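Given next are the chains, with one letter for each unit.
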Amino acid sequence: MKRYALILTAAILVSAAFATLGAEDGATLHGYGRTKVGALVNDGSYFLTENTLDLRLSYKTGDASFFANPVLYEREGTVALPDLREAYIDFKGDAFDLRVGKQQIIWGKGDGVFITDIVSPKDLSRFLVPDFEELRLAVTGARVDLYLGPNSLELVWLPWFTPSVAPGADTLWAPVLPFPITPTFAASSTPALALENGEYFAKYSFMGEAFDVSLIGGWFWNDTPAYAVTAKTFTPSVGLTALTVRPEYYRTAAAGIAASGALGPFVLRAEGAWYGSKRCQGNPMTYALGYAEKNAVQYLVGADFSVEGFNFGAQFIQDLILEHEAGLIEDAVKNTATFVVAKTFLRDTLTAEIFTYVGLDPLNALIKPKLTWDASDALEFFAGAYIFLGTEGDFGRYDDNDGVYIGAKLSF
Amino acid sequence: MNVFAKRTIATLAAALISVTAMAAEPSGADIMQAVYERPQGKDLSGLLTMTLVDARGKERVRSIKQISGNFAAGDKKLMVFQSPADVRGTSFMNWSYDAEGKNDDQWIYLPALKRVKRISSEGRGDSFMGSDFTYDDLGARHPSEDTHKTTGTESVDGESCWVVESVPKDTKNLYSRTVTWVSKEKNVGLKRDYYDKRGTLLKTLQIAKIESLSSVWVIRQTEMKNVQKNTSTRMEFSDVVIDSGIAEDAFSERAMTRGL
């Protein structure tokens, strides 16, 4: 704690110096300090103790600007770890923007769902517990935006591959592995830094009266690995007794569309994407490599509306594996829904929100209520919960992980 | 409708009002139409400082960069929050249309989500960022949405004003009626009272400062008081620039995400 206080003090002194510089040189500094404590409902044990210092430094001169988002995390009593969430240089032209460096690139129109949001990988080490901003990982590369009236074209080149972060096997959020026995893991295969291993993305967008639309495409490495079977032992009358798998990141392509529009009191949105040659895990006794390559489709339809100051949103999401085979672990069709209701009180100083994911087959859910109170413009207190319902499925499998948390955030 | 057409209509309306006044009081609808058609300039930019005062007198200040423009199909407005720190970078864009009955298009950008989201414009009666203004209060309400009648002539801060009572045609509107004191000289509402659905006075709007810039009357300072909750919101518009040539393309997703 003493160490954290020292780091915090140093950061504030640097911030003050930067702010002084900013008065004359177009530099700005903002950020926040935040503390969060969470406990499991089952046994009262802490599953979340977290202190964060998040700084946003920017410097602008003419048509160029620099932005950096250094962060200090202290989690579960560990040493405060520095991280650089984003750091990039911007060039602004008359009809284009160029951004080079480490950056988050967020696409799509869905809430809490990542269908055409194919560029930035996710940090799922704590499942869907962190705020969405912290769920995203930055990618390193160049992005150019070209503008013509209400049309824009975004091109992204990522020479450096950044994978998603999966929950650790010894954590509360350990994933269920798609194997009949516990496998031995070989070293993962990740793409090397080489010109031919670059990732490429493009998005065309139109923003207009009544509706907005985006078309996306990408040729990239899948952010989450497939597990390729490299060795297995089958013992007669016993079955599979040993299995070695290697996590492999693989090339894939995706194309999709996202649209939203107003219809009377509703804002409707739809989003869909096709993913080529997705590696779907299967029974290692059926599939020599442990997976089969299948094309897949994911789409959503949703609507937002307001009633008496309450804002409601609902989405239906469907995942489809095309030409599905019985030996695959995942079902041919998976249906999920999301619901959100939010309202502010006391002149927008108190915000209540409930976001819910519902898996429809089998029925399971994650309910995330959150209450935020702005004690002042700078100081915010919040409390919330994660409630998992069901016993299986994407959310029900964490039924023992129901938790509550409280925290405070000081913005500057 | 372009600014020339608006000015022409406003001039004609003013002339019509003057001529009619010789014979009789202008109708409430004519007065509110003249207010609506008053020359606004082709575009406008500035810094809006909004001070929210609660019932105990505690103040919260929001600073917002704002640009607006009048184009072929209607008006466009973009607001980017500069402070406080927790909302810095949040932006809100509204496109409203001259076509009668056509709903506004609205978007919001939240820096934490890094995504521009289209939102429903049905919440026109909702509070604007926790203030005493609703989104509807801040917009140019089309006169055809209300029925108007002139109830007399009164003086506000030494200026002779028509008093116009307006009743919303939509019975679901937040207000049962409003009463506006319109300057005969400037075609600007200098004061407005808002009555709730029970017919009780809810809020009062007072223009504290108005200036002529480039032959356009610009409201520089205004205050809305909620007399039932004893809260108020002051709005001050500074660094105002009119007709700087803001292009229609400036009202875009690019400006929302990258700032003004």
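Residues numbered from 1 in each chain as written. Chains lettered and ligands numbered in written order. Predicted model: local features only at pLDDT ≥ 70, side-chain atom pairs only at ≥ 80, totals over all residues.

Visitor: Could you give an account of the overall build of chain A, naming the residues involved and the relevant values?
Guide: Scanning chain A for helices and strands turns up 3 helices and 21 strands. Scaling as 2.2 N^0.38, a compact globule of 412 residues should have a C-alpha radius of gyration of about 22 Å, and chain A matches this with 23 Å. Principal-axis analysis of the C-alpha atoms gives chain A an extent of 75 × 55 × 50 Å. Expressed as a percentage of the 412 residues in chain A, the buried residues total 29%. Considering only contacts in chain A between residues 6 or more positions apart, those separated by 24 or more positions represent 53%. (Helix = DSSP H or I, 4+ residues; strand = E, 2+ residues; numbered from the N terminus. Rg over C-alpha atoms; globule rule 2.2 N^0.38 Å. Buried ≥ 20, exposed ≤ 12 C-beta atoms within 10 Å, placed from the backbone. Contact = placed C-beta atoms within 7 Å.)

Visitor: An account of the interface of chain A and chain B is requested, with residue identities and associated values reported.
Guide: Many analyses report the size of an interface as the accessible area lost when the parts associate. With 31 residues of chain A in contact, the opposing surface of chain B contributes 29 residues. For the side of chain A that touches chain B, the secondary structure elements donating two or more residues are helix H2 (132-135), strand S9 (199-207), strand S13 (251-263), strand S14 (266-281) and strand S15 (291-307) of chain A. For the side of chain A that touches chain B, the element with the most residues is S15 of chain A, which contributes 3 residues. Partitioning the side of chain A that touches chain B into residue classes produces 12 nonpolar, 10 polar and 9 charged. (Nonpolar A, V, L, I, M, F, W, Y, C, P; charged D, E, K, R; others polar.)

Visitor: Summarise the environment of phenylalanine 355 of chain A; cite the residues concerned and give the values.
Guide: All names here are of chain A. Take phenylalanine 355: it is sitting in strand S18 (residues 350-360). A residue is classified by how many C-beta atoms lie within 10 Å of it, and phenylalanine 355, with 20 of them, is buried. Considering only alpha carbons, one finds phenylalanine 355 and aspartate 117, 238 residues apart in sequence, at a separation of 19 Å. Apart from residues no more than four positions distant in its own chain, phenylalanine 355 is found in contact with Gly112, Val340 and Lys368.

Visitor: Explain the nonpolar core residue by residue, including any values.
Guide: Counting residues in each nonpolar core, the largest one holds 32 residues, and the members touching the most others are Ile118, Val119 and Ala228 of chain A. Listed by contribution, the elements that provide at least two residues to this core are strand S7 (151-160), strand S10 (211-221), strand S11 (226-235), strand S12 (239-248), S14, S15 and strand S16 (310-321) of chain A. Contacts of valine 119 of chain A, omitting those with residues within four sequence positions, involve Ile105, Trp107, Val139, Val156 and Phe201 of chain A. Core analysis: the second largest hydrophobic core is formed by 20 residues, Met50, Leu52, Ile246 and Phe251 of chain B among them. (Core = buried A, V, L, I, M, F, W, Y, C linked by C-beta atoms within 7 Å.)

Visitor: How would you summarise the sheet that holds strand S8 (residues 184-185) of chain A if you had to cite specific residues and measurements?
Guide: All names here are of chain A. With respect to topology, 3 strands assemble into an open sheet ordered S8-S12-S11, the strand pairing being mixed. Because the sheet does not close on itself, it has two edges, and the strands there are S8 and S11. Across 2 bridges, S8 lies against S12 in parallel orientation. Bridge pairing in S12 links threonine 184 to threonine 244. (Pairing = 2+ DSSP bridges.)

Visitor: Please give an account of the pairing of S15 of chain A that cites residues and values.
Guide: Residues and elements named next belong to chain A. Examined bridge by bridge, S14 and S15 share 13 bridges and lie antiparallel to one another. Of the residues in S15, the one forming a bridge with glycine 272 is tyrosine 299. Two strands pair when backbone bridges link them, and S15 and S16 are joined in this way by 12 bridges, in the antiparallel orientation. By the bridge assignment, glutamine 298 is partnered in S16 with aspartate 319.

Visitor: So what's going on with the confidence of the model for chain B? Residues and values would help.
Guide: Residue and element names in this part refer to chain B. Put simply, chain B has an average pLDDT of 88, and 91% of its residues get 70 or more. Taking the mean pLDDT of every element in chain B, the minimum, 45, falls on helix H1 (residues 3-23) and the maximum, 97, on strand S9 (residues 177-183). Reported confidences for the modelled complex are a pTM of 0.87 and an ipTM of 0.88. (pLDDT = per-residue confidence, 0-100.)

Visitor: Requested: an account of unusual backbone geometry, with residues and values cited.
Guide: Cis peptide bonds are those with omega within 30 degrees of zero, and the linkage from aspartate 361 of chain A to proline 362 of chain A qualifies with 0 degrees. Here proline 362 of chain A is to be found in the loop between S18 and strand S19 (363-374). Going from serine 83 of chain B to proline 84 of chain B, the amide bond is cis rather than trans, its omega being 5 degrees. Within the fold, proline 84 of chain B resides in the loop between strand S3 (74-83) and strand S4 (91-97). The phi dihedral of glutamate 308 of chain A falls on the positive side, at around 50 degrees, and the residue is not glycine. Structurally, glutamate 308 of chain A is set in the loop between S15 and S16. The class for glutamate 308 of chain A is exposed, based on 8 C-beta atoms found within 10 Å.

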